[in-house]
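Chain by chain, the residues:
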Amino acid sequence: MIRFEDVSKVYEGQQRAALKNVSLEVEKGEFVFLVGTSGSGKSTFLRLILREYRATRGHVYVAGKDISRLPAWKIPGLRRQIGTVFQDFRLLPGKTVHENVAFALQVIGKPSSVIKKVVPETLELVGLSGKGDRLPEELSGGEQQRVAIARAFVNRPRILIADEPTGNLDPATSVGIMKLLDRINRADTTVVMATHDSAIVDQMRKRVIELDAGQIVRDQVKGVYGAR
Amino acid sequence: MRHTFSETLSGLRRNASMTLAVVVTMWVSLSLFGAGLLAARQVDLLKDRWYDKIEISAFLCVKDVKGDNCDSGLDATDAEKAAILAAIQQNPETQDVYYESKQDAFDQFKQVFAGSSIEDSLTVDQMQDSYRIKLKNPASYEGLVSEISTMKGVQFVQDLHVYLDPIFTWLNALRWGTIGMSVLLLLAASLQIGNTIRMAAFARRRELGIMRLVGASNWYIMLPFLLESLFAAVLGAALASGTLALGLYAVVVQNAQVSLKGLRWIGWSDAGLAMAGVTGVAIVLSIVPTLIATRRYLRV
């Protein structure tokens, strides 16, 4: 589903590579934790999958396509196959929960009949049924992140990318979010999650890829956060 | 589509005062630009139909007129006429010359004032005969004029340059003055549009970020901004078109055409062309800065 072939990324005006000769493959339906200190290249890795940046060297394949060669006008098509969740939720404060989730479908031109059907289904899936009319500020952090996950998942993407989704949440709430991501993963969605949350990584026992200074230093099946 | 229109409307509402400023600047600058186009067209009309065929008329002495070269109470003699004709034909500035008799002049007079109360006030004998001279080059005429204006039998030389040159000077000044000013104002208007759209895009940067993230097409993201600036531009162009129509009616239809019947004046078809030009300029000047202003929010 995602394949990096000898990928390096050097940001403009910088000497040091953010990613250096990274090669790996993530299979369809896998759940992968991406760990490493701040600045180790986790975010760069995720942004290359989204084609927010182009790899300086090497090739990035997503769903079989070499996205390093993707023309700009095809990037929206790529992103419709990828859902994204952030640490800071990135909800629109003026829109209700329902509107926030529906927004992701509206702007890609889905008909309102589809939106009316799919949005409540998705809100139910993330455990927010009955809260569609609330504004984000009326929700707890965990609930806000559930809205963000609903928005990322509402178009049923093949890949879900999560950049420290539990970074702003307390441990109990984080467990709930992880259960939700696990459920989405079981529905055959590939999940790539960057995190600093050792408790969660140790508990979930999924594949762990550790980055250090832009290089893969560990790729472990059923791994833990800190082990070598 | 509904989403696009509601975004456009809310954008216009949010930036109402900036949009108003853009509309007013567009209005004034496009009006000036259109006026410049019309002035240019008027110059062309006069030059094409008139200036290039400009004639110098040497009016001959007749019984009823007084002149330095005339014997009072007498027509110019045949000998004098022959001498004048020879002088005109030999002058290097002359291309062609023909004689307009009293009868010719009378016929023309009857034609111009047909139906008017003064139509019957003159007789053939009261008309003045003349030599009409076509020039090789309308711009060089002074040698001929000075030569024949002192000849015996010439009552006076009518040189149309005296009348036309001020009109051309005036129209040219109008043309370049209005076009020059309008170019500056149009530049200001398009910068204003760019700034307005940049501010609008900045205010909506969270939404734009999410739109990009979930895979909205660039076209979809840009459309509300394009519609917003197009709205301001087209409104400005419509107001400018109205101003041009009003100006044409007040200046040309009501005044110039009435008081200077002999000249060809611009009409509604010219105004229509100017309005189309003004609208085209408005559309280009709104789309281009919008594309530039939103580019950084669309960069992927």
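Residues numbered from 1 in each chain as written. Chains lettered and ligands numbered in written order. Predicted model: local features only at pLDDT ≥ 70, side-chain atom pairs only at ≥ 80, totals over all residues.

Caption draft 1: Expanded view of the overall build of chain B. For chain B, the helix and strand inventory stands at nine helices and four strands. A globule of 300 residues ought to have a C-alpha radius of gyration of about 19 Å, yet chain B, at 30 Å, is considerably larger. Viewed in the frame of its principal axes, chain B has a C-alpha envelope of about 100 × 40 × 25 Å. Of all 300 residues assigned to chain B, the portion counted as buried reaches 33%. Considering only contacts within chain B whose residues lie at least 6 apart along the sequence, 85% involve residues at least 24 apart. (Helix = DSSP H or I, 4+ residues; strand = E, 2+ residues; numbered from the N terminus. Rg over C-alpha atoms; globule rule 2.2 N^0.38 Å. Buried ≥ 20, exposed ≤ 12 C-beta atoms within 10 Å, placed from the backbone. Contact = placed C-beta atoms within 7 Å.)

Caption draft 2: Main features of the domain arrangement of chain B. Domain parsing of chain B yields domain 1 (2-49 + 165-298) and domain 2 (55-159). Between domain 1 of chain B and domain 2 of chain B, the C-alpha centre-to-centre distance is 51 Å. (Domains from an automatic or database assignment.)

Caption draft 3: Region of the structure containing the interface of chain A and chain B. The partner chain B presents twelve residues to the 16 residues of chain A that form the contact. Secondary-structure elements contributing two or more residues to the side of chain A that touches chain B are helix 2 (75-79) and helix 3 (97-106) of chain A. Among the elements that make up the side of chain A that touches chain B, the one with the highest residue count is helix 2 of chain A (four residues).

Caption draft 4: Highlighting helix 7 (residues 205-213) of chain B. Of all the positions in helix 7 of chain B, only Leu208, Ile210, Met211, Arg212 and Leu213 of chain B are classed as buried. Next to the buried residues of helix 7 of chain B lie helix 2, strand 6 (82-86) and helix 3 of chain A together with helix 6 (161-203), helix 8 (218-259) and helix 9 (268-298) of chain B. Immediately beyond the C-terminal end of helix 7 of chain B, within one or two residues, lies Gly215 of chain B, with a positive phi of roughly 95°.

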